[in-house]
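For reference, the chains in residue letters:
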Amino acid sequence: MDKKYGITFQNKISSDFDKHIEEFRTLGYTIIEDVLTDAELKVLRSELDRVYKLQEMEFTRERLRDINEEFVARAMLCYSEDYMKLSSVQELMNYVQSILGDYYILHLQNGIINMPNQPHHQNSWHRDLPYQNWISSEPMGCNLFYCLDPFTPETGSTIVLPYSHKMKTIPSDEYIEKHSVQLTAKPGSVVLFDSMVLHKAGYNSSTIIRRGVNNMYVKPILRQQIDLPRMLDGKYSDDSFLNMLLGYDAQTASDVITFRTRRLYKTKK
């Protein structure tokens, strides 16, 4: 190690886990490789395509276009057991727990399909906690973005602005253009990023579809994008971890009796 002058404290890294957490907290993102096998990727690609087609039939393609929702599949775990499993991979829950603490919920699970040579609403810069001009000393949310196909500049891989989770206001276009980074990742990799990091999808100029799955986890004071407990109608609620993860205990109580009954139940666990 190089000699240092005037340094009184330095982070110590003893594992890949520590390395990824340090990158996450400093840059706002990190890439974890080789999370999914080829066999798992094949199933997840097929299931994403199936769920999207089903949701397209439910709502119609024309209406999806009207609201900029074409090629987005939402709440896939409510349609697919494979995506239910993907929401709670233990290796990656260790990262979420380290970042958010012992109590967190799944805010959303969205499948993003970037078709070749077609614009996508994710091509716009955004935060996954949108419409906010504030930052917090500790993360309010983090994302596990699964890369199901090659993530390269040609396929329109995600572009991020490093350190932007620490920026209260959005920098100028000139700053973003100069300092943004387009990620490269193999299929089966996961991009772990702070939900306040400024990012966007690139333009897919290749000949292949690029699929990704965004799982966002938040502290339970933030409401879910979609009411997963209501969609699931009690499914998985008897599993203590999934009960927490899916937000059963974080639902807004419908009345005072329900609120107090939940508290009573917790004291007797």
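First, a word on scope: everything that follows refers to the structure included in this document.

1. A word on the sheet that holds strand E9 (residues 210-218)
Across a sheet, strands are paired by hydrogen bonds formed along the backbone, either parallel or antiparallel in direction.
Then comes step 1: Across the sheet, which stays open at both edges, the six strands sit in the order E1-E7-E4-E9-E3-E2 with antiparallel pairing between neighbours. Of all strands in the sheet, those bounded by a partner on one side alone are strand E1 (29-32) and strand E2 (72-74). Strand-to-strand twist in this sheet, taken as the mean axis angle between neighbours without regard to direction, amounts to 20 degrees.
Then comes step 2: As paired elements, E2 and strand E3 (residues 105-114) share three bridges and run antiparallel to each other. Within E3, the position partnered with Val72 by the bridge is Ile112.
Then comes step 3: The strands that helix H1 (residues 16-27) touches are E1, strand E4 (141-147) and strand E7 (190-194); relative to E1, the one it contacts most, it runs at about 150 degrees.

2. Here's the deal with H1
Then comes step 1: Taking 1.5 Å per residue, twelve residues should reach 16 Å; H1 reaches 16 Å between its end C-alpha atoms and fits that length.
Then comes step 2: Every buried residue of H1 is listed here: His20, Ile21 and Phe24. Along the long axis of H1, the arc covered by the buried residues comes to 100 degrees, so they all point the same way.
Then comes step 3: On its buried side, H1 packs onto E1, helix H5 (90-100), E4 and E7.
Then comes step 4: Directly beyond the C-terminal end of H1, a positive phi value near 100 degrees is found at Gly28.

Parameters and conventions
Residues numbered from 1 in each chain as written. Predicted model: local features only at pLDDT ≥ 70, side-chain atom pairs only at ≥ 80, totals over all residues. Heavy atoms only, no water. Pairing = 2+ DSSP bridges. Helix = DSSP H or I, 4+ residues; strand = E, 2+ residues; numbered from the N terminus. Axes fitted to C-alpha atoms, helices over the stretch in contact; angles between N-to-C directions. Contact = heavy atoms within 4.5 Å. Expected span 1.5 Å × (residues − 1). Buried < 20%, exposed > 50% of the residue type's maximum accessible area, 1.4 Å probe, protein only. Arc of directions from axis to C-beta.

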